[in-house]
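# Fold and contact review
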Protein chains: 2
Amino acid sequence: MSSGKILVAQGGGPTAVINQSLVGVVLEARRHQGVQRVYGAAHGVRGIVNEDFLDLTQETSHNLELVAGTPAAALGSTRDKPDLAYCQEMFKVLRAHQIEHFFNIGGNDSSDTIRIVAEEAAKAGYPLRCIHIPKTIDNDLVLNDHTPGFPSAARFVAQAFAGANLDNAALPGVYVGVVMGRHAGFLTAASALGKKFPDDGPHLIYVPERTFEIPKFLADVKAVHDRYGRCVVAVSEGIHDASGQPILAQLAKDLERDAHGNVQLSGSGALADLLCEEIKRNLGIKRVRGDTFGYLQRSFVGCVSDVDQREAREVGEKAVQFAMWGDRNGSVAIKRTGFYSADYELLPLEAVAGKTRTMEDEFIAPSGTDVTDAFRLYLRPLLGSGMPDAFRLRRAKVPKILKG
Amino acid sequence: MSSGKILVAQGGGPTAVINQSLVGVVLEARRHQGVQRVYGAAHGVRGIVNEDFLDLTQETSHNLELVAGTPAAALGSTRDKPDLAYCQEMFKVLRAHQIEHFFNIGGNDSSDTIRIVAEEAAKAGYPLRCIHIPKTIDNDLVLNDHTPGFPSAARFVAQAFAGANLDNAALPGVYVGVVMGRHAGFLTAASALGKKFPDDGPHLIYVPERTFEIPKFLADVKAVHDRYGRCVVAVSEGIHDASGQPILAQLAKDLERDAHGNVQLSGSGALADLLCEEIKRNLGIKRVRGDTFGYLQRSFVGCVSDVDQREAREVGEKAVQFAMWGDRNGSVAIKRTGFYSADYELLPLEAVAGKTRTMEDEFIAPSGTDVTDAFRLYLRPLLGSGMPDAFRLRRAKVPKILKG
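For chain A, an unreviewed UniProt entry supplies the name Pyrophosphate--fructose 6-phosphate 1-phosphotransferase and the organism Ideonella alba. Its UniProt record gives chain A the following Catalytic activity (unreviewed entry) comment, quoted word for word: "beta-D-fructose 6-phosphate + diphosphate = beta-D-fructose 1,6-bisphosphate + phosphate + H(+)". You can read under Cofactor (unreviewed entry) in the UniProt record for chain A the words "Mg(2+)".

Shown next, in the form of structure tokens:
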């Protein structure tokens, strides 16, 4: 006899819309006759090995809707990356609770975890349906047009740079904004969507898909500053040199050599500060400011793409439909079907698990410091409706009298 | 014969609503019969000494409305702090262009500048009406209930901490967010408005109105972390020890001693990084993250208080009305007249110029690490309508089977 129990978990970095996917699973599951209980694992896979489950069937649909609109992971998340033994432990608990469907919302680590758990279940002859639901602000899942969470984070980055550009135009100088993304530059590239007028920043965009050379960077900044009297730069935290060494490590080493000592340089503000220091020291520009967007870009309450919200809800719903009406495990993926519309399909777990997508060449300008129109066309519809817009005065100069 | 010329300038750090005040001046001025031309100074007082004026009378009211809704300073701003000679130079230009009314939008430095220019005009027997229009995210103008720009920045800080708290609850650890404000803690204290449930962060709030002691700070963090398994901290960039020395300088010195070298520590991320380092080193907590809100808190496009927008527009309009119908110079001030309503009055320039307001004692809890209900009551209406709200699951635990 069927237990009618399903389990859902959230993993990795929280996003603005991951709770939409959670609520999509819960509400859709309860529409299916066979489902008796929907459990949630507290703090992801760790909640499974700890047998720490919440009964989401006892939630009101009203409160679930409110939670869906709240950022971060309502069940709690985890950074645990399960190995085989960990997955075997997870499976033991799933079997004890007679879980029949397991939904894991997360990035490529989460899809790999669910792949291993599915294999354990198959080996044991236990009928466990395993579905991975995509989520990551890095947009680095292969075979997905994009991933839920990315559009809202991209919107934050675009709005942040639109504002930083206005601020920099009012008080000219150099501004360096460091954006999340170790291997994929999508989120940093989103800064380009904050531009409107031809002289707007970000004037330079550095993604980890291209090698970062400090002398070239300084020459780029100087050229923009000479031209506009100011310069706004978007930098991915993952920038590295030709050997793959992170620029942060390289600059930190230089600083050590300067100081003849051992400087500890952990903490998230270091890369922005060090790049600013390089600019000040080498270009002699006085007003140089650096920001590290940090956790704000993934957690800020009140900056969300409605397209992202809708799709995050739908991947949760579709996951349940694939599980209930399909006969296979898999990873839900978003496909673009129009300008703009999307649909969903179920990919084999092995096709997505543990793989990393980076920015396609067609999205990066030949200069290596800008995006292409193809990227703008790709990203713009994902940012959703109601994007704020920036306006400026049309500058009618008054003739000088004293100094004309 | 009257020239009918007025001049408006913007000074200091840009805000989300400073352009509302600019547009308030321009549109209101054009309703007055005597006004022929409204000039704007490019980049504040520097644009005056450089005779760099824009004719705002040639702008459409449509575009002015769009500029009003755009953050940062549309005329450009400046960090120049004019001395007597600088003000005399400004006055020469104002006289050459037959400017009859001078409006300066800015903080207490801007009010001091306009005070000196007014004195020069009086000495020369030149009829110049001088009005200071308040603006600062620091909320540090005396005799004002609050200052335009502060409510929107406060809203950003509250929403940022609401999100950081959710993120920290999902992935527990210690989070330190550093907020602008060298002498006044209002903006840091605004983080308290991001709290909803009793165990929400920020759990600790440090403002420059109270002495900061590192051992006490570490004990505070440990106590919160022991109780909740996590801790969210809001810190003002201006925190200092009993002697008035900034904590940043103190921590940087410690680091130097560790490294036996000279470490350069300029750049905005340093305080957050160093506080995180102290926590890791002394409390042995692994997951410690720091963010410095930097320029985002004053420039982010898309986070604004509608109350702030309305009032910033009104202080601009009132400035023109005071100038045209009154017979004295002054500084426009916001008075609270209800819960919530506001009105405006014209204070003598000397009453505001160059003075700094800090947080009143009644706004700071006896613990020194929290705000009072009086502060919540003070700030909440200023944040405006449509504040996002956070919701959580009601946690119905599933009984354990294996480990019960």
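Here the narrative resumes.
## Observations concerning the pairing of strand β11 (residues 341-347) of chain A
Residue and element names in this part refer to chain A. As paired strands, strand β10 (residues 330-338) and β11 are joined by 7 bridges and run antiparallel to one another. Considered in β11, the bridge of Ala 333 is made with Glu 345. Count of turn residues in the β10/β11 antiparallel hairpin: 2 residues.

## Observations concerning unusual backbone geometry
With an omega of 5°, the peptide bond between Phe339(A) and Tyr340(A) qualifies as cis. Looking at where Tyr340(A) falls in the secondary structure, it is placed in the loop between β10 and β11. That bond from Gly201(B) to Pro202(B) is cis: its omega, 5°, falls within 30 degrees of zero. Mapping Pro202(B) onto the fold places it in the loop between α7 (186-189) and β7 (204-206).

## Side note on the state of the cysteines
Taken as a whole and assessed by the stated rule, the structure comprises 0 disulfides over all chains. The thiol sulfur of Cys303(A) is not disulfide-bonded, and the nearest other cysteine sulfur, from Cys303(B), lies at 9.1 Å. Owing to a relative accessible area of 6%, Cys303(A) belongs among the buried residues under this scheme.

## Considerations on the domain arrangement of chain A
Residue and element names in this part refer to chain A. Domain annotation of chain A identifies domain 1 (5-149 + 303-352) and domain 2 (152-301 + 361-383). Together, the buried faces of domain 1 and domain 2 total about 1,700 Å²; carbon and sulfur atoms form 58% of this surface. Connecting domain 1 to domain 2 are 0 salt bridges. Seen at the junction of domain 1 and domain 2, the total is 8 residue pairs in polar contact (both at pLDDT 80 or more).

## Section: the packing of aromatic side chains
What describes a pair of aromatic rings is the distance from one ring centre to the other and the angle between the planes of the rings. All names here are of chain A. In this structure the tally under the stated criterion is 31 aromatic pairs over all chains. Consider the rings of Phe 91 and Tyr 126, whose centres lie 5.6 Å apart with planes at 75°: the pair is edge-to-face. With Phe 91 in helix α4 (residues 84-96) and Tyr 126 in the loop between α5 (108-123) and β5 (129-134), this pair connects stretches of sequence that are 35 residues apart. Comparing Phe 91 with Tyr 126 shows no difference in burial state: the two are buried. Grouped by ring-pair contacts, the aromatic residues Phe 150, Phe 186, Phe 363, Phe 375 and Tyr 378 constitute a single cluster. Residue placement shows Lys 196 over the ring face of Phe 391; its charged tip is 3.8 Å from the ring centre. In this structure, Lys 318 packs its charged tip against the face of Phe 322, placed 5.3 Å from the ring centre.

## Side note on the relation of the copies chain B and chain A
Comparison of the two chain copies shows a relationship of rotation about an axis with a shift along it. You can overlay chain B on chain A at an RMSD of 0.0 Å; the transform is a turn of 180° with a shift of 0.0 Å along its axis. On this basis, the relationship between the two copies can be described by a two-fold rotation axis. Measuring from the rotation axis to each C-alpha of chain B, the shortest distance belongs to Gly269(B), at 2.1 Å. Counting the interface residues of chain B, we find that 100% of their copies in chain A are interface residues as well, pointing to one common contact surface.

Parameters and conventions
- Residues numbered from 1 in each chain as written.
- Chains lettered and ligands numbered in written order.
- Predicted model: local features only at pLDDT ≥ 70, side-chain atom pairs only at ≥ 80, totals over all residues.
- Heavy atoms only, no water.
- UniProt positions renumbered as here; feature names shortened; annotations may be inferred.
- Pairing = 2+ DSSP bridges.
- Helix = DSSP H or I, 4+ residues; strand = E, 2+ residues; numbered from the N terminus.
- Disulfide = S-S within 2.5 Å.
- Buried < 20%, exposed > 50% of the residue type's maximum accessible area, 1.4 Å probe, protein only.
- Domains from an automatic or database assignment.
- Buried area = accessible area lost by both parts, 1.4 Å probe.
- Salt bridge = Lys/Arg side-chain N within 4 Å of Asp/Glu carboxyl O.
- Polar contact = N/O pair within 3.5 Å; in protein donor to acceptor, adjacent residues only side chain to side chain.
- Phe/Tyr/Trp six-rings, centres within 6.5 Å; stacked < 30°, edge-to-face > 60°.
- Lys NZ or Arg CZ within 6 Å of the ring centre and 35° of its normal.
- Least-squares fit on C-alpha atoms with pLDDT ≥ 70 in both.
- Contact = heavy atoms within 4.5 Å.

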